[in-house]
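# Reading the structure
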Number of protein chains: 2
Amino acid sequence: MKIATWNINSVRLRIDSVLRFLKEEAPDVLCLQEIKCRDEQFPARPLRSAGYEHIAVSGQAGYHGVAIIARAPLKDVETRKFCGKDDCRHIAATLPGGVRLHNFYVPSGGDEPDPAVNDKFAHKLDFMKELAEWSVGEAQTHSKKAVLVGDLNIAPREHDVWSHRQLLNVVSHTPVEVELMNAALEKGKWTDVARELIPEPEKLYTWWSYRARDWRASNRGRRLDHIWTSPPLRKAALSGGRAAFAIHDHCRDWERPSDHVPVTLTLDL
Amino acid sequence: MKIATWNINSVRLRIDSVLRFLKEEAPDVLCLQEIKCRDEQFPARPLRSAGYEHIAVSGQAGYHGVAIIARAPLKDVETRKFCGKDDCRHIAATLPGGVRLHNFYVPSGGDEPDPAVNDKFAHKLDFMKELAEWSVGEAQTHSKKAVLVGDLNIAPREHDVWSHRQLLNVVSHTPVEVELMNAALEKGKWTDVARELIPEPEKLYTWWSYRARDWRASNRGRRLDHIWTSPPLRKAALSGGRAAFAIHDHCRDWERPSDHVPVTLTLDL
DNA sequence: GCGCCAACAG
DNA sequence: CTGTTGGCGC
């Protein structure tokens, strides 16, 4: 089973790119973040026509918003409020094989990496703490197969950013964020599939700023988009080797691209 | 000599349409209104590459703005403030043959056709009064060949609108506006070329609202864009017959069209 | 309906 | 730099 995740930065603007990606990669399920539209504005029609007839959306006007689109039926669709906010940053569904799929859009965190002066950064830290605590229960309750994907807005490792030194004090790569992400990984017993399959020092990025004149030339990327699997799926995730995992960076060259590229994992179920 | 006028409703957004029109119709000079950009933002480069190397612009951020682009040199470029406002509604230049060309964008006038409650309508009436008075002097000073073109935002005749009755109290076709336009025509001894060549009851429209679902089917147009000539040019304007005059309504079907279409007149000089 | 801009967010 | 919204003007 092939799972994809993509921060699409407006699904209405980029529905043609989504369709192109689905045609090229034919994942069984695609998790989107930053759809930036209300549920009723989500372009479900062309997705259904493309063979993805099962769609779960949690959207709002303008900001954030997540969705799961799948070829096969989605069961037990749920959304969860983190930090007591109803801001469309999580949606979950169970896939036919019994895999529980969680799709996240973690707060970006603003500019200043100081929770005392920056509410957005405080929100991000709180969100990650809650995600870690929630992971504990999730690892127990859904004792079985689970996948967590999404734009977690943290690049945890030295080689997940273009310059570890220059980004140490930049939101997305600060030690406090990295520690919270590692705590979530540990408490949920999650496997960070990308880094298990492709160890450091190989660089891995899934996001490149719009501000660069030539994103590929400067290559100042960050690995913000992740796929985590629960212990019962560890073998299915890793047995295929690195061929089972892909960062589709050619999509960054498409017309009017998202600043994130899609990431896929094929589970050997 | 072929003269064109077009309210382009943002020249930056529609520069490709302008280039296409220039290629198709090859006018000697094109007058644009509602360029909606500052002088330095005007897309002069591609116009020059297309053979229109002489450009005069009077633009500002966001609203209004007029320009003249020509294959041959423009002399004595002037802009005139009407109603004491510096709002980029007029630009003039002299063409190589000695023709004085005036390009206008008359105020739209708002919704309520009552100058006592609607300042915009009052401004429009004042503008037309000033245009009429200015025409007197212009007819004397530039005693010779002159052309006045532009979006005058008035449809003066019964068959210049889709329903004379339904528009009698709608700004652009009210009796007070029509009388002021007729006064300007008389005081400047101008010839309204379109209606001399194509008499009523034939309908003539140069503008169709964006709000119609199917502009051609409903065909609720208005003739807002005009080409007037001074007495010394009357023969040159009319001798070619109606073949010399054209309303290029096919441009309304182009991608992301302006709500106005270009109008051309070939002067038999 | 469709331009523009400013404000906000990423 | 690239999205969103909301207000304004036509």
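The name recorded for chain A in an unreviewed UniProt entry is Exodeoxyribonuclease-3, from Amphiplicatus metriothermophilus. The UniProt entry for chain A carries the following comment under Sequence similarities (unreviewed entry): "Belongs to the DNA repair enzymes AP/ExoA family."

Residues and elements named next belong to chain A. Using the criterion set out here, one finds 20 aromatic pairs over all chains in the structure. Ring-pair connections join several aromatic residues into one group, and the members of that group are Phe82, Phe104, Phe127 and Trp134. Residue placement shows Arg80 over the ring face of Phe82; its charged tip is 4.8 Å from the ring centre.

Turning our attention to the protein's contact with DNA strand D. The environment of DNA strand D is formed by 16 residues, the closest being Ser10(A), Leu13(A), Arg14(A), Tyr210(A) and Arg256(A). Taking all atoms of DNA strand D within 4 Å of the protein, the share assigned to sugar and phosphate is 83%. Here a phosphate oxygen of DNA strand D and a side-chain polar atom of Arg256(A) are 2.9 Å apart. At 3.3 Å from a base nitrogen of DNA strand D is found a side-chain nitrogen or oxygen belonging to Arg211(B). Of the residues in the surface near DNA strand D, the class split is four nonpolar, four polar and eight charged.

Ranked by internal contacts, the top residues of the largest apolar core, which has 35 residues, are Ile68(B), Leu101(B), Val147(B), Phe245(B) and Leu267(B). Setting aside residues no more than four positions away along its own chain, Phe245(B) makes contact with Ala194(B), Leu197(B), Ile198(B), Val263(B), Thr264(B) and Leu265(B). Counting residues in hydrophobic clusters, the runner-up holds 30 residues, among them Ala56(A), Tyr105(A), Leu197(A) and Phe245(A).

All right, on to the UniProt feature "site: Important for catalytic activity" (unreviewed entry) in chain A then. Residues and elements named next belong to chain A. UniProt marks Asp225 with the feature "site: Important for catalytic activity" (unreviewed entry), using the numbering shown here. Following the sequence through the fold, Asp225 ends up in strand β12 (residues 225-229). Taking relative accessible area as the criterion, Asp225 reaches 2% and is therefore assigned buried. Excluding residues that lie within four positions of it along the chain, Asp225 makes contacts with Asn7, Gln33, Gly150, Asp151, Thr206, His260 and Val263. Side-chain polar atoms of Asp225 contact the side chain of Thr206, separated by 2.6 Å.

On to the sheet that holds strand β13 (residues 245-247) of chain A, then. Residue and element names in this part refer to chain A. Read across the sheet, six strands follow the order β3-β4-β2-β1-β14-β13 without closing on themselves; strand pairing throughout is mixed. Strands at the two margins of the open sheet, each flanked by one partner only, are β3 (54-58) and β13. Ignoring strand direction, the axes of neighbouring strands in this sheet form an average angle of 10 degrees. Looking at chain direction, strand β2 (residues 29-33) and strand β4 (residues 66-70) are connected through five bridges and run antiparallel. Across the sheet, residue Gln33 finds its bridge partner in β4, namely Val66.

About the thresholds
Residues numbered from 1 in each chain as written. Chains lettered and ligands numbered in written order. Predicted model: local features only at pLDDT ≥ 70, side-chain atom pairs only at ≥ 80, totals over all residues. Heavy atoms only, no water. UniProt positions renumbered as here; feature names shortened; annotations may be inferred. Phe/Tyr/Trp six-rings, centres within 6.5 Å; stacked < 30°, edge-to-face > 60°. Lys NZ or Arg CZ within 6 Å of the ring centre and 35° of its normal. Near = heavy atom within 4 Å. Polar contact = N/O pair within 3.5 Å; in protein donor to acceptor, adjacent residues only side chain to side chain. Nonpolar A, V, L, I, M, F, W, Y, C, P; charged D, E, K, R; others polar. Core = buried A, V, L, I, M, F, W, Y, C linked by side-chain atoms within 4.5 Å. Buried < 20%, exposed > 50% of the residue type's maximum accessible area, 1.4 Å probe, protein only. Contact = heavy atoms within 4.5 Å. Helix = DSSP H or I, 4+ residues; strand = E, 2+ residues; numbered from the N terminus. Pairing = 2+ DSSP bridges. Axes fitted to C-alpha atoms, helices over the stretch in contact; angles between N-to-C directions.

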